[in-house]
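Okay, here's what each chain looks like letter by letter:
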Amino acid sequence: MTQKTERKPVFWIGANWKMTKTRSEAEAYLSALLGAYRRSAESNLRLFVAPPYTLLAQARAHLAGSDVILAAQDVHHLDYGSATGSISPPMLTDQGVSLVILGHSERRASKLDDDESVGRKVKSALEHQLTALICVGENKNERDDVNAEICLRRQIKGALSLITNEKLRDEAQKRLLFAYEPVWAIGDGATPAEPDYVAKRHQLIKNLTREYLGVFSPCLYGGSVNFNNCHHFARHELINGLLIGRASWDASALGAIIERIRASSCSEQS
Ligand code: PGA
């Protein structure tokens, strides 16, 4: 099935801070970012930052009045209770968080998440009106078309397995984002995927969301995105945003990426 794309409505840029930054570093970063980032009214860019839990309250205060979206890097599926070390959806919304990254490959690789746990978290996030950004992607042994499809189908099916009633399906149609992050493209020493390769996987992911949810969900790309390659991804009509790790950890580097994407023709279309 081929998606009919008229225009690119929104282009997401996400800064995944991962396990970086102290309070003073966060303060300096957010001041610099807000200095560099001004979203014009007509812009279709949506910027989010995902600090570690320890910095959410501070980031919320700093970002108040801006249109930068506050995101978290994970959430527990339960609202409350005996889950040492975990943070619940109501705790996130209480901190002003409106988007949560789920199923990141670094968590899957450490056995902190699997397809089932991601499914539980997606359901819970949607029930709490959080936008869920579901990370999926094949590892280097699954890099061919057949195995990548098996992997992506399994991960997406798992992530959507508890969307079992009309209300949740409705939320999922409005509030789900995917990030295609091939494991082999993420982190130190990795090489980014080529935009055409990414677009092929994005088409598959969108076709799968159409099959399971009845809509082509937006899909971001993540994996070694940087200043030199960001605009190539942004120009591709099937790529609805970028989830950026290392290259987003410095505010001026992120600001330069945003400007480059803004300048690329597709980003200001709508
Ligand atoms: P990277 O990480 O940009 O440092 O490769 C991306 C991600 O893990 O989301």
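Scoring rules and cut-offs
- The written sequence of each chain sets the order in which its residues are numbered from 1.
- This being a predicted model, a pLDDT of at least 70 is required before a residue's local features are given, and a value of 80 or more before pairs of side-chain atoms are given or counted; all residues contribute to the totals for chains, interfaces and linings.
- Side-chain numbers here rest on the full set of heavy atoms in the structure, without hydrogens or water.
- For every residue, the accessible area obtained with a 1.4 Å probe (protein chains only) is divided by the maximum for its type, and the residue is called buried under 20%, exposed over 50%, and partly exposed between those limits.
- Put simply, DSSP marks the helices as runs of H or I at least four residues long and the strands as runs of E at least two long, and each gets a number from the N terminus on.
- Read the arc as the range of directions from the helix axis to the C-beta atoms.
- In this description, contact between two residues means that some pair of their heavy atoms is separated by no more than 4.5 Å.
- Whenever a nitrogen or oxygen atom comes within 3.5 Å of another N or O atom, the pair is scored as a polar contact, on the condition that within protein one atom can donate a hydrogen and the other can accept it, and that pairs from neighbouring residues in sequence are kept only if both atoms are in side chains.
- The near set for a molecule or strand comprises every residue that places at least one heavy atom within 4 Å of it.
- Residues are grouped as follows: Ala, Val, Leu, Ile, Met, Phe, Trp, Tyr, Cys and Pro are nonpolar; Asp, Glu, Lys and Arg are charged; all remaining types, including Gly, are polar.
- Two strands are said to pair when DSSP picks up at least two bridges between them.
- Throughout, right-handed denotes a crossover for which the path from the first strand over the helix to the second runs clockwise when the strands point away from the viewer.
- Among the buried residues, those of types Ala, Val, Leu, Ile, Met, Phe, Trp, Tyr and Cys that are joined through side-chain atoms within 4.5 Å form a nonpolar core.
- Every definition here rests on a 1 Å grid over the protein atoms only: cavities are sets of points where a 1.4 Å probe fits but cannot get out, pockets are open sets enclosed by protein on both sides within 12 Å along at least five of seven lines, and lining residues have some atom within 4 Å of a point.
- Grid points are joined across faces, edges and corners, and a volume is the space filled by probe spheres set on the points.
- Side-chain rings of Phe, Tyr and Trp, where Trp is taken by its six-membered ring, are said to pair if the distance between their centres is within 6.5 Å; with planes under 30 degrees apart they count as stacked, over 60 as edge-to-face, and otherwise as tilted.
- Whether a charge sits over a ring depends on NZ of Lys or CZ of Arg being within 6 Å of the ring centre and within 35 degrees of the ring normal.

1. Overview of helix α7 (residues 166–175)
Within the sequence span of α7, burial applies to Leu 168, Glu 171 and Ala 172. Each buried residue of α7 lies within a common arc of 100 degrees when the element is viewed along its axis, so the set occupies one face. For α7, the exposed residues set more than 90 degrees away from the buried face come down to Glu 166 and Lys 174. In this structure, the buried side of α7 is in contact with α5 (115–127), β6 (176–180) and α8 (195–213). The N-capping residue of α7, defined by a side-chain oxygen 3.1 Å from the backbone nitrogen of Lys 167, is Asn 165.

2. Concerning the site of the ligand
The full set of residues close to the ligand is Asn 16, Lys 18, His 104, Glu 181, Ala 185, Ile 186, Gly 187, Gly 223, Ser 224, Leu 243, Gly 245 and Arg 246. Between the ligand and the protein, one listed contact pairs an oxygen atom with a side-chain N or O atom of Glu 181 at 2.7 Å. Separating an oxygen atom of the ligand from a backbone N or O atom of Gly 187 is a distance of 3.0 Å. Considered class by class, the residues forming the shell around the ligand number three nonpolar, six polar and three charged.

3. Considerations on the pairing of β6
β6 sits mainly inside the fold: five of its five residues count as buried. Here strand β5 (residues 131–136) pairs with β6 via five bridges, running parallel. The residue bridging Ile 134 from the neighbouring strand is Phe 178, located in β6. Two strands pair when backbone bridges link them, and β6 and strand β7 (residues 219–222) are joined in this way by three bridges, in the parallel orientation. The partner of Ala 179 across the bridge, within β7, is Leu 220. The handedness of the β6 to β7 crossover, carried by α8, is right-handed.

4. Remarks on the nonpolar core
Grouped together as the largest cluster of nonpolar side chains are 67 residues, with contacts concentrated most on Leu 176, Tyr 221 and Leu 242. It is α8 that provides the largest number of residues to this core, a total of six residues. Once residues lying within four places of it in the same chain are set aside, the contact partners of Leu 176 are Val 122, Leu 126, Ala 132, Ile 134, Leu 160, Glu 171, Leu 213, Ser 217 and Pro 218.

5. Brief notes about unusual backbone geometry
With a phi angle near 90 degrees, Lys 21 is a residue other than glycine that sits in the positive phi range. The backbone of Ser 224 sits at a positive phi, close to 60 degrees, despite the residue not being glycine. Relative to the helices and strands, Ser 224 resides in the loop between β7 and α9 (230–234). You can call Ser 224 buried: its relative accessible area is 11%.

6. A word on the side chain of His 62
Within the secondary structure, His 62 sits in helix α2 (residues 56–63). Within the structure, the side chain of His 62 is placed 3.1 Å from the side chain of Glu 27, a separation counted as a polar contact. Setting aside chain neighbours within four positions, we find His 62 in contact with Glu 27, Leu 30, Ser 31 and Leu 34.

7. Observations concerning the layout of surface pockets
Taken as a whole, the largest pocket spans an internal volume of roughly 340 Å³. When grouped by side-chain class, the residues that make up the lining of the largest pocket number six nonpolar, four polar and four charged.

8. Re the packing of aromatic side chains
Tallied over the entire structure, the rule returns five aromatic pairs. Look at Trp 17 and Tyr 29: their rings are 4.7 Å apart centre to centre, the planes differ by 65 degrees, and that puts the pair in the edge-to-face class. Linking Trp 17 in the loop between β1 (11–16) and α1 (23–36) with Tyr 29 in helix α1, this pair joins segments that are 12 residues apart in sequence. Classification of Trp 17 as buried rests on a relative accessible area of 0%. Judged by relative accessible area, Tyr 29 falls into the buried class, the value being 4%. Geometrically, the ring pair formed by Tyr 180 and Tyr 221 is tilted, given 6.4 Å between the ring centres and 50 degrees between the ring planes. Separated by 41 residues along the polypeptide, Tyr 180 in strand β6 and Tyr 221 in strand β7 bring together distant segments of the chain. By the burial criterion, Tyr 180 is buried, and Tyr 221 matches it. Members of the aromatic cluster, each reached through a chain of ring pairs, are Tyr 180, Tyr 221 and Phe 233. Over the face of the ring belonging to Trp 184 we find Arg 143, whose NZ or CZ atom lies 3.6 Å from the ring centre.

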